[in-house]
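Listed here are the chains, written in short residue letters.
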Amino acid sequence: MIDIAITKELDGAKGSMALSFKVTIKQGEFVALSGKSGSGKTTLLRILAGLEKAQGEICVADKIWLNSTTFYPPQKREIGFVFQDYALFENMTIEQNLLFVAKDTQLAQHLLEVTELSSMKHRYPHALSGGQKQRVAICRALMKRPKLLLLDEPLSALDSTMRTKLQNELLALHKEFQTTTIMVSHDSSEIYKLASRMVVLENGAIIQDAPPSEVLLEQKNNTLTLRAKLLCIQETATQPQAIVTLGQQLTAITITKEEAQHLSIGEDLLINAKELTLQAL
Amino acid sequence: MIESINFTPFFLSFKLATITALILFCISLPLAWYLSQTHSKIKPFIEALTALPIVLPPSVLGFYILYALSYDSPIGAFFEEYFGVKLVFSFTGLVVASCFYSLPFMVQPLQNGFETLNKHMLEASYIAGKGKLQTLFSVALPNMKPALMTAIIITFAHTVGEFGVVLMVGGSIPQETKVASVAIYEMVEIMDYTTAHIYSAIMLGISFLVLLSVYLFNAHHTKRLGL
């Protein structure tokens, strides 16, 4: 069980704000942390890792990592951290990167096998692709058999194919090690696939804390609801068309002239569709 | 002709440069590491103090060092009385003066090297359970080889090339403080242009080779990392 109740004054883009985070996480839980940029997600991970100070209390498996009298430095916290930019030790080979954390050759070998990196264990990070680097970073984070695994947007820099592959690997590793995990992510499908709980932060405060299905699935009265962003409005001979982005896809929707007057570019929209047909590609 | 050339000034210059580079490396490493990691308010003051020898005329620096190390000053008197070491017009004095004069050339490349390191890489080492000392030697230093190379070589070359400070603090005592740059000055003064030419050509060649080695090393390192 991990009890977190922390506060910290942050200097955000819109002035100072208070980060206030209070949750209890069960052993083995996979928590996704989401929210707009600047809402305090990365700072929260850094506080949990002991890389930044904060007020409050962090208690992990009956051990106090932080309270008014105790502050465990990162070295004493049993954590694994995967940075967004991998942060591999460039002067060490893949294998050395893992063994630097713990001299456990068996575990290193096993992790490299699971992530299909065994054949390149003598390579240096500069000779690896982005996806390979991120897999090394995940393996390295697990080398200490951490009590808490912190992932800071671990897959955001990868293409969708590599993302899916790594999501499956993360899932397999989480199943095997049962490490309590907190992952920062903006990707709904990734959160839905990996996490058992989703916490949404806004301006440093928790605004939602529920299973991903409750937070992410938007279906009311058998009506499909989609979140979209208005890119532009095109005038045609008959009726105006709103060009919207649905994830990676661009779609044109015919709207009335009156609707066009009330919409502004860049606005977030909800699109409702009643008739729904599915077709395999 | 070459047989008649006295190479002792060169030997003295290289001995002085080697000792200075070694001492400065040991002093500058913790100082540069501290400066790269701290957000303290005194950081700009330390940085300005360290950089002073770059902008101060060598004669000014030489004058203050001479004043501080002479027997009339508490420091000079202390060293002569308790250790029997004369700090002016001696090789030891030259080493002390060179350490002040070349300090920024060691500290600044090292500090830049530390500051351009990926901060997350150092943090990953702390998270892996490693202390600051092990992180410094196992992660930071091996990942900033070009900065290390630049700091050591430029400090060495700069010390070989110093003139004003060594002349003021060391004078020109043969076999003791008469380094190559001072020897060239004397040759010109007594109008022995042939020896001055030979000495100057040697200095020019060595300086070029030293700089070339730094640039070749850095180019090789950049290529190896595919940058």
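Residues numbered from 1 in each chain as written. Chains lettered and ligands numbered in written order. Predicted model: local features only at pLDDT ≥ 70, side-chain atom pairs only at ≥ 80, totals over all residues.

**Description of the overall build of chain B**
Helix and strand counts for chain B come out as eleven helices and zero strands. Traced from its N-terminal end to its C-terminal end, chain B shows the element sequence α-α-α-α-α-α-α-α-α-α-α. Once the C-alpha set of chain B is aligned to its principal axes, its extents read approximately 65 × 45 × 30 Å. Buried positions account for 33% of the 227 residues belonging to chain B. For chain B, contacts bridging at least 24 residues in sequence account for 72% of all contacts bridging at least 6. (Helix = DSSP H or I, 4+ residues; strand = E, 2+ residues; numbered from the N terminus. Buried ≥ 20, exposed ≤ 12 C-beta atoms within 10 Å, placed from the backbone. Contact = placed C-beta atoms within 7 Å.)

**Focus on the overall build of chain A**
A count of helical and extended segments in chain A gives eight helices and 15 strands. Buried residues in chain A amount to 33% of all 281 residues.

**Thoughts on the environment of A87(A)**
Relative to the elements of secondary structure, A87(A) occurs in the loop between β6 (79–82) and α2 (94–101). Classification of A87(A) as buried rests on a count of 23 C-beta atoms within 10 Å. Between the C-alpha atoms of A87(A) and Q134(A), which are 47 residues apart in sequence, the distance is 9.2 Å. Not counting residues up to four positions away in its chain, the partners in contact with A87(A) are A137(A), N118(B), H120(B), M121(B) and A124(B).

**Some details on unusual backbone geometry**
In the Ramachandran plot, Q178(A) falls in the positive-phi region, its phi being about 50° despite a non-glycine side chain. The residue Q178(A) is located in the loop between α5 (160–177) and β8 (180–184) in this model. The class for Q178(A) is exposed, based on 12 C-beta atoms found within 10 Å. In this structure, M191(B) takes a positive phi of about 60° despite not being glycine.

**Thoughts on the interface of chain B and chain A**
Every contact between the two is made by 16 residues of chain B and, on the other side, 16 residues of chain A. In terms of residues, the side of chain B that touches chain A owes the most to one element, helix α6 (residues 119–127) of chain B, which gives six residues. Across the side of chain B that touches chain A, the residue classes tally to eight nonpolar, six polar and two charged. (Nonpolar A, V, L, I, M, F, W, Y, C, P; charged D, E, K, R; others polar.)

**What to know about the confidence of the model for chain B**
On average, chain B scores 90 in pLDDT, and the residues at 70 or more come to 97%. Overall fold confidence for the complex sits at a pTM of 0.81, while the interface term, ipTM, reaches 0.81. (pLDDT = per-residue confidence, 0-100.)

**Looking at the confidence of the model for chain A**
Reading fine detail from the predicted coordinates is not recommended where pLDDT is low. Across chain A, the average pLDDT comes to 88, with 96% of residues at 70 or higher. Across chain A, the element-wise mean pLDDT spans from 60 in strand β11 (residues 219–220) of chain A up to 96 in α2(A).

**Section: the environment of Y193(B)**
Residues and elements named next belong to chain B. Counting through the fold element by element, Y193 comes out in helix α11 (residues 193–224). Y193 gets classed as exposed once you count the C-beta atoms within 10 Å, which come to 11. Along the backbone, Y193 and T222 are 29 residues apart, and their C-alpha atoms lie at a distance of 43 Å.

**Let's talk about helix α3 (residues 105–114) of chain A**
Residues and elements named next belong to chain A. For α3, every residue scored as buried is listed here: A108, L111 and L112. For α3, the buried positions fall inside an angular range of 100° around the axis, keeping them on one side. Facing away from the buried side of α3 by over 90 degrees, the exposed positions are Q106 and E113. Looking at the packing, one finds that the buried side of α3 touches α2 and α4 (130–142). (Arc of directions from axis to C-beta.)

**Re the nonpolar core**
If you look at the biggest cluster of nonpolar residues, it comprises 107 residues, and the most contacted ones within it are L33(A), F81(A), A137(A), L150(A), A97(B) and V169(B). By residue number, the principal contributor to this core is helix α5 (residues 91–116) of chain B, which donates twelve residues. With residues up to four places along the chain from it excluded, the contact list for V169(B) reads G62(B), I65(B), L66(B), L69(B), V88(B), G93(B), L94(B) and A97(B). (Core = buried A, V, L, I, M, F, W, Y, C linked by C-beta atoms within 7 Å.)

**A word on the environment of L224(A)**
Position of L224(A) relative to the elements: it lies in strand β12 (residues 223–234). Judged by the 13 C-beta atoms lying within 10 Å of it, L224(A) is partly exposed.

**Section: the pairing of strand β5 (residues 63–66) of chain A**
Residue and element names in this part refer to chain A. Sheet topology places strand β4 (residues 55–60) next to β5; three bridges connect them, and they run antiparallel. Residue pairing across strands places V60 opposite K63, the latter belonging to β5. Joining the antiparallel neighbours β4 and β5 is a turn of two residues, in which A61 adopts a positive phi near 50°. (Pairing = 2+ DSSP bridges.)

**A few points about helix α8 (residues 145–161) of chain B**
Residues that lie three or four places apart on an α-helix share one face, since the helix turns once every 3.6 residues. Residue and element names in this part refer to chain B. Taking 1.5 Å per residue as the helical rise, α8 with its 17 residues ought to reach 24 Å, and the 24 Å between its terminal C-alpha atoms agrees with that figure. All of the buried residues along α8 are P146, A147, T150, A151, I154, T155, F156, A157, H158, T159 and V160. Buried positions along α8 lie against α1 (8–37), α5 and α11. (Expected span 1.5 Å × (residues − 1).)

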